[in-house]
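Residues per chain, in single letters:
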Amino acid sequence: MNELPNIKVIDNDYFDVFANKPYVEEFLNRLSDKFLSQRKKILEFFCLSNYSKVRVNLFDDINQLNNFSSKYINISPYHRGDCCGDMINYFCDDEALKDNAKTGYIIASISHEFVHMVYHDTICGISCVWLEEGLATYLSEQKGFIERNPEKYKEFLKKLLYENEIPQLEFLHKRGGKYGEFVDTETNKYDGYNFSYALVRFLCEKKGKEYVNQIISSRLLLEKEEKILMKEFFEYAVNILKN
């Protein structure tokens, strides 16, 4: 087996998609159209007019993906995708493509990895984990089902605040799967992805895209924001739940 998928299934001015085998045209058209629109939206958010061409590798074998990705990242049991240089790598199995929602999630996850690429080209200095992951989840529309339905968002916030433990913000600075790190897979008391998404959505809705770009590019401004962030987010969330 080749190290990387080598059959080009999508070719345009902005990204190439490679796979180990041909996929059905319906999926490829959906992937091409959605990723093009998401790419435009993401670049507009970061105030960028252009970006270098990206290679997307679709792996239908999780071992092939993990063997390749393990050369530059530590592989977790939940690993399904990543980005490296100008490449996005994602696991795309046949069973998932039989389900419309799962197919949509795969496409959103590819956009998620693209946000990581753009974010790292934008920041000055060290990444802020909660900000990076929150932006990737928010801008990729991985939570689109609650963004389109205010009642679903209320349910999401209620569970986040009252049914799960509220992590300390410092937990969301540490990548890892232990309690006290970004994703608590030891005790499942909180989910850093969900909480980071909620924080970024709050910032975008209440303080605006321009402000979020300022804290992306300024560590001092980010640290100042973090001193008041949790208090302001709680007030915002409780107010939504009351209405």
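For the structure, see preceding data.
Quantities reported herein were computed from a predicted structural model and do not represent experimental measurements. (Residues numbered from 1 in each chain as written. Predicted model: local features only at pLDDT ≥ 70, side-chain atom pairs only at ≥ 80, totals over all residues. Heavy atoms only, no water.)

Enquirer: Break down the environment of glutamate 25 for me, with residues and values.
Expert: Along the chain, glutamate 25 falls in helix H1 (residues 25–45). Overall, glutamate 25 belongs to the exposed group, its relative accessible area being 59%. Linking glutamate 25 and serine 217, residues 192 residues apart in sequence, is a C-alpha distance of 40 Å. (Helix = DSSP H or I, 4+ residues; strand = E, 2+ residues; numbered from the N terminus. Buried < 20%, exposed > 50% of the residue type's maximum accessible area, 1.4 Å probe, protein only.)

Enquirer: So what's going on with the nonpolar core? Residues and values would help.
Expert: Core analysis: the largest hydrophobic core is formed by 66 residues, its most contacted members being Phe46, Leu58, Phe114, Trp130, Leu131, Leu135 and Phe233. Beyond its immediate stretch of four places on either side in the chain, phenylalanine 46 contacts Val115, Val118, Tyr119, Thr122, Leu135, Leu139, Asn213 and Ile216. Core analysis: the second largest hydrophobic core is formed by six residues, Phe59, Leu65, Met87 and Phe91 among them. (Core = buried A, V, L, I, M, F, W, Y, C linked by side-chain atoms within 4.5 Å. Contact = heavy atoms within 4.5 Å.)

Enquirer: Explain helix H4 (residues 129–140) to me, using residue names and the numbers behind them.
Expert: One turn of the α-helix equals 3.6 residues, which is why residues spaced by three or four share an orientation. Look at H4: 16 Å from first C-alpha to last across twelve residues, which is about the 16 Å you get at 1.5 Å a residue. When you tally the buried positions in H4, you get twelve out of twelve residues, the bulk of the element. Val129, Trp130, Leu131, Glu132, Glu133, Gly134, Leu135, Ala136, Thr137, Tyr138, Leu139 and Ser140 are the residues of H4 that are buried. The inward-facing, buried residues of H4 contact H1, helix H3 (100–122), helix H5 (144–147), helix H7 (192–206), helix H8 (208–217) and helix H9 (219–242). Just downstream of H4 lies glutamate 141, where phi reads positive at about 65 degrees. (Expected span 1.5 Å × (residues − 1).)

Enquirer: Go over the pattern of salt bridges with me, naming the residues and quoting the values.
Expert: Using the criterion set out here, one finds 17 salt bridges in the structure. The salt bridge partner of lysine 21 is aspartate 94, with a shortest N-O separation of 2.6 Å. Of this pair, lysine 21 sits in the loop between strand S2 (15–19) and H1 while aspartate 94 sits in the loop between strand S5 (87–91) and H3; the two residues are 73 residues apart in sequence, bridging distant segments of the chain. The class for lysine 21 is partly exposed, based on a relative accessible area of 24%. Arginine 201 is the salt-bridge partner of glutamate 205, the closest N and O atoms lying 2.7 Å from each other. Taken as a pair, glutamate 205 and arginine 201 lie in helix H7 at a separation of four residues, close to a single helical turn. The exposure class assigned to glutamate 205 is partly exposed, which follows from its relative accessible area of 40%. Classification of arginine 201 by relative accessible area gives buried; the value is 8%. (Salt bridge = Lys/Arg side-chain N within 4 Å of Asp/Glu carboxyl O.)

Enquirer: Requested: an account of the pairing of S2, with residues and values cited.
Expert: The element S2 is largely enclosed, with a buried count of five among its five residues. Burial of the side chains of S2 extends over both faces: Phe15, Val17 and Ala19 are buried on one face and Asp16 and Phe18 on the other. Note: strand S1 (residues 7–11) against S2, four bridges, orientation antiparallel. Among the inter-strand pairings, aspartate 11 is bridged to a residue of S2, identified as aspartate 16. (Pairing = 2+ DSSP bridges.)

Enquirer: Explain the side chain of glutamate 226 to me, and be specific about the residues and the numbers.
Expert: Within the secondary structure, glutamate 226 sits in helix H9. Buried and unpaired, glutamate 226 has no salt bridge, with arginine 219 as the nearest side chain of opposite charge at 5.9 Å. At 2.8 Å, the side chain of glutamate 226 and the side chain of histidine 173 are in polar contact. Ignoring sequence-local partners within four residues, the contact set of glutamate 226 consists of Cys128, Trp130, Leu169 and His173. (Lys, Arg positive; Asp, Glu negative; His and termini not counted. Polar contact = N/O pair within 3.5 Å; in protein donor to acceptor, adjacent residues only side chain to side chain.)

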